[in-house]
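Topology and contacts: notes
Here is what each chain is made of, one letter per residue.
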Amino acid sequence: MSDARSDLPAVHKLLDDAEREGLTETAPRDLVVRAIREILDDARSSNGAPPQDGWLAEIRRTVESKQRPSLVPVINATGVVLHTNLGRAPLAAAARDAVVRATGYNTLEYDVDAGKRGSRQTHLRELLTEITGAEDALVVTNAAAATVVVLNALAAGGETIVSRGELVEIGGSFRIPDILEKSGSVLIEVGTTNRTKLGDYVGAISPRTKCALKVHRSNFRLSGFVTEVQTEELVETMSSRNIPVVHDVGSGLLVDLAEYGLTNEPLVQDVVQTGATAVFSGDKLLGGPQAGIIAGPKDVIQKAAVNPFTRAMRPGKMVIAALEATLRLYRDRSAALERIPTLAMLTADPVVLRDRAEALAGRIEGAVIVPGTSSVGGGSFPDAELRTTLLSIPTDHPDAFLARLRRHDPPVIARADQGCVLLDPRTIQDGEEKDVVKAIVGAQGHRGTGAEEAGEAEE
Ligand SMILES: *Cc1c(COP(=O)(O)O)cnc(C)c1O
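1. A short note on the domain arrangement of the protein chain
How big an interface is tends to be stated in terms of the accessible area lost upon association of its parts. Assigned domains within the protein chain: domain 1 (8–67), domain 2 (75–83 + 343–458) and domain 3 (93–339). A straight line from the C-alpha centre of domain 1 to that of domain 2 covers 37 Å.

Below is the structure:
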């Protein structure tokens, strides 16, 4: 082992070689040194074996990979509309433009008329109250943060009543009991997993009760022998005792999509109408940037606004710009359905999807179209099955094929099923078809032996 180590070239020797090859002209010298050290470390941990393609080739590859941006656009051909790993909601064109405009100096906290300091929340408050019907509204970084803010503001040092049927985990370690604990409120569980009645809530009220929390079961369904208390009923009962009701609705649905077969997600306006405080995401069904929105009665929002967590979790200028532009589209239902990509994809006409799949299939050898389903994703409408037409490409090595699609620039993310690679036109954006075809044709052209293919799949 020590012999092998002493055989390794010195850093300055490799750096000289890299310099002679011009590598330090296209990349900062320190970056080249960092790459060399990493490669030497790797070689050391594999008993001093030199890289397969030689030192210089490996240095070049490592430097190039370090210079490539990490967060890059991808083509989502999975058919999962709100794909959390792929950045959830893609922004509307108007929102993208607004983000770009907000990158320089702007009116983030400046009142141009008065010539003095303003609040970053003013850009959103009026639109949010107008659209949701709430008295007041507040925006923080995401819905999980919004829940912490509200619960801390209303119920720290006191008790919060929650149904046992709603002590959920949303994913990514967002668990209601933990969130309550971190918010400084004591969780009072009522009812059972499948049935909670109004009397259960009432029986749990004490002088320490500060809040009643309802949580939307975003990512699963309870069915069978089930009872839950509707928000309206809960607010009626609690308001006579001055106990605020908070409803974490999750997705931020602002337009009714029942006519498209999408039911079972609460409409924010309906929740606000009951007098409850609604908490929801900006980048799920709302179709905007990552944000957490709190909309409800003035006294609740005022308490939340002055809470220190609100300052700690305040949204940045680009988020506010994107959310403002997205919310403006909601003033006109048909504009929202057409121009907010999330809503446009969810309500896409099955005939149009079929035409798009057919057009793609016509440009790819061996491709066929098959009926299939897309999903909403993002823990929204979990049991909705959206009818679509898939592009299907038979292949002996689906995993290797998928890996080659991912290596395309831009990467194409698809799925495989029973010896076929499947692409869903629903989530492929306008103008991306050319790249999809190029990626597939490239992946098909790269036919190796079975052994090579298997090796690639392991990467
Ligand atoms: C998704 C979701 C959250 C978390 O929202 P983020 O914006 O991702 O923080 C919280 N509650 C419910 C019910 C959700 O569905």
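2. Focus: the sheet that holds strand S10 (residues 209–215)
Ordered by their spatial adjacency, seven strands build an open sheet running S5-S13-S12-S11-S10-S6-S9, and the pairing between neighbours is mixed. At either end of the open sheet lies a strand with only one pairing partner, and these are strand S5 (136–140) and strand S9 (186–190). Pairwise comparison of adjacent strand axes, ignoring direction, gives a mean angle of 25° for this sheet. Bridge analysis of strand S12 (residues 277–281) against strand S13 (residues 292–296) gives four bridges, and the strand direction is antiparallel. Residue pairing in the sheet places Ser281 in a bridge with Gly292 of S13. Set on the sheet, helix H11 (residues 231–239) makes contact with strand S6 (159–163), S10 and strand S11 (245–250); between it and S11 the angle comes to about 160°.

3. Regarding the site of the ligand
Around the ligand, a shell composed of Arg88, Asn142, Ala143, Ala144, Ile170, Phe174, His216, Ser218, Asp248, Gly250, Ser281 and Lys284 is seen. Residue Asn142 places a side-chain N or O atom 3.2 Å away from an oxygen atom belonging to the ligand. Within the contact set of the ligand, an oxygen atom lies 2.8 Å away from a backbone nitrogen or oxygen of Ala144. About the coverage of the ligand: the protein hides 93% of its 390 Å² of free accessible area. Tallied by class, the residues present in the shell around the ligand amount to four nonpolar, five polar and three charged.

4. Re the nonpolar core
One finds Leu257, Leu327, Tyr330 and Val376 to be the most contacted residues of the largest nonpolar core, which totals 64 residues. If we skip the residues at most four places from it in the chain, Leu327 touches Leu124, Leu127, Leu128, Ile131, Leu254 and Leu286. Val140, Val246, Ile294 and Val300 belong to the second-largest nonpolar core, a separate cluster that totals 26 residues.

5. Concerning helix H8 (residues 143–155)
Relative to the 18 Å expected for 13 residues at 1.5 Å per residue, H8 spans 18 Å between its end C-alpha atoms, a close match to the ideal helical length. Buried residues dominate H8, accounting for eleven of its 13 residues. The complete set of buried residues in H8 reads Ala143, Ala145, Ala146, Thr147, Val148, Val149, Val150, Leu151, Asn152, Leu154 and Ala155. At the exit of H8 stands Gly157, carrying a positive phi of roughly 80°.

6. Focus: the environment of Glu358
Relative to the helices and strands, Glu358 resides in helix H18 (residues 350–361). Assessed through its relative accessible area of 37%, Glu358 is described here as partly exposed. As for Glu358 and Leu391, which are separated by 33 residues in sequence, their C-alpha atoms are 7.7 Å apart.

7. Some thoughts on the side chain of Thr209
Among the secondary structure elements, Thr209 is positioned in strand S10. Reaching out from Thr209, the side chain makes a polar contact with the backbone nitrogen of Ser206 at a distance of 2.8 Å. Sequence-distant contacts of Thr209, defined by excluding residues within four places in its chain, comprise Glu159, Ile161, Ala204 and Ile243.

Definitions and limits used
Residues numbered from 1 in each chain as written. Predicted model: local features only at pLDDT ≥ 70, side-chain atom pairs only at ≥ 80, totals over all residues. Heavy atoms only, no water. Domains from an automatic or database assignment. Pairing = 2+ DSSP bridges. Helix = DSSP H or I, 4+ residues; strand = E, 2+ residues; numbered from the N terminus. Axes fitted to C-alpha atoms, helices over the stretch in contact; angles between N-to-C directions. Contact = heavy atoms within 4.5 Å. Near = heavy atom within 4 Å. Polar contact = N/O pair within 3.5 Å; in protein donor to acceptor, adjacent residues only side chain to side chain. Areas by Shrake-Rupley, 256 points an atom, 1.4 Å probe, with all protein chains shown as cover. Nonpolar A, V, L, I, M, F, W, Y, C, P; charged D, E, K, R; others polar. Core = buried A, V, L, I, M, F, W, Y, C linked by side-chain atoms within 4.5 Å. Buried < 20%, exposed > 50% of the residue type's maximum accessible area, 1.4 Å probe, protein only. Expected span 1.5 Å × (residues − 1).

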